[in-house]
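If you want the building blocks of each chain, they are given just below.
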Amino acid sequence: MHVTLRVRPGLPSLRSQRMRTELQRSFAQACDRGDFRLVHYSIQRDHAHLIVEAADRRALAAGMKSLGARVARAAHRAFGTRGPVLDGRFHGVVLRSPRQVRNAIRYVLLNARKHGLRLRGIDPASSGDAFDGRKGPAAEPLRSPRRTARPPTWPL
């Protein structure tokens, strides 16, 4: 599933170094819950795109509730804020074909470019450094610790 989480207006950017570090630490701790996995992510100024796997609707709901709470706690630690962080519920799209999965992964990992950021190489606010499906000269071995779950299903 491709999921989008939005934060409330007025919060500082999620791409700030401190917030990014807190979020990536939280994602690493919660990436594999057995029946729910965070496989890829991209952090933008006021939202995050996630590729997740869930065994069923219940696992998805529990996993997203856990991730939402982790995003809120990370924002409170990074910004010293209190109160609600997320702007409503998450928006999700079920990925039904291998082509949809490929397009969603590409969209998520390259999302910073869509938002006008000119980056050289892999977006540091994404799980792109853990993506092992690259080809060509950019396909170098992973150098950073994995912050996402390894997907057990073949389309991912």
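All of the points below concern the structure found in this document. (Residues numbered from 1 in each chain as written. Predicted model: local features only at pLDDT ≥ 70, side-chain atom pairs only at ≥ 80, totals over all residues. Heavy atoms only, no water.)

Describing a positive patch on the surface
Next up, step 1: Together, R99, R102, R106 and R113 make up a region of like positive charge exposed at the surface.
Next up, step 2: At three residues, helix 3 (residues 98-109) tops the list of elements feeding residues into the positive patch.
Next up, step 3: Position of R99 among the secondary structure elements: in helix 3. (Patch = residues over 30% accessible without salt bridge, like charges linked within 9 Å, V, L, I, M, F, W, Y side chains within 5 Å. Areas by Shrake-Rupley, 256 points an atom, 1.4 Å probe, with all protein chains shown as cover. Salt bridge = Lys/Arg side-chain N within 4 Å of Asp/Glu carboxyl O. Lys, Arg positive; Asp, Glu negative; His and termini not counted. Charge placed at Lys NZ, Arg CZ, Asp CG, Glu CD. Helix = DSSP H or I, 4+ residues; strand = E, 2+ residues; numbered from the N terminus.)

Some words on the pairing of strand 2 (residues 36-43)
Next up, step 1: Counting buried residues in strand 2 gives eight out of eight residues, a clear majority hidden from the surface.
Next up, step 2: By the bridge criterion, seven bridges tie strand 2 to strand 3 (residues 47-54) in an arrangement that is antiparallel. Along strand 3, the bridge assignment pairs H40 with I51.
Next up, step 3: What sits between the antiparallel neighbours strand 2 and strand 3 is a turn of three residues. (Buried < 20%, exposed > 50% of the residue type's maximum accessible area, 1.4 Å probe, protein only. Pairing = 2+ DSSP bridges.)

A word on the side chain of R70
Next up, step 1: Among the secondary structure elements, R70 is positioned in helix 2 (residues 57-79).
Next up, step 2: One buried charged side chain, R70, makes no salt bridge at all; its nearest oppositely charged neighbour is E22, positioned 9.3 Å away.
Next up, step 3: Setting aside its immediate chain neighbours within four residues, R70 contacts S26, Q29 and A30. (Contact = heavy atoms within 4.5 Å.)

Let's talk about the sheet that holds strand 1 (residues 2-6)
Next up, step 1: Here we have four strands laid out as an open sheet, ordered 2-3-1-4, and antiparallel in their pairing. A single partner strand is all that each edge strand has here, and the edge strands are strand 2 and strand 4 (91-93). Between one strand axis and the next, the sheet turns by 25 degrees as a mean value, whatever way the strands run.
Next up, step 2: Strand direction decides the pairing type here: strand 1 and strand 4, joined by three bridges, are antiparallel. Residue H2 lies in a different strand from strand 4, and its bridge partner there is V93.
Next up, step 3: Contacting strand 2 and strand 3, helix 1 (residues 17-30) crosses the sheet at an angle of about 165 degrees to strand 2. (Axes fitted to C-alpha atoms, helices over the stretch in contact; angles between N-to-C directions.)

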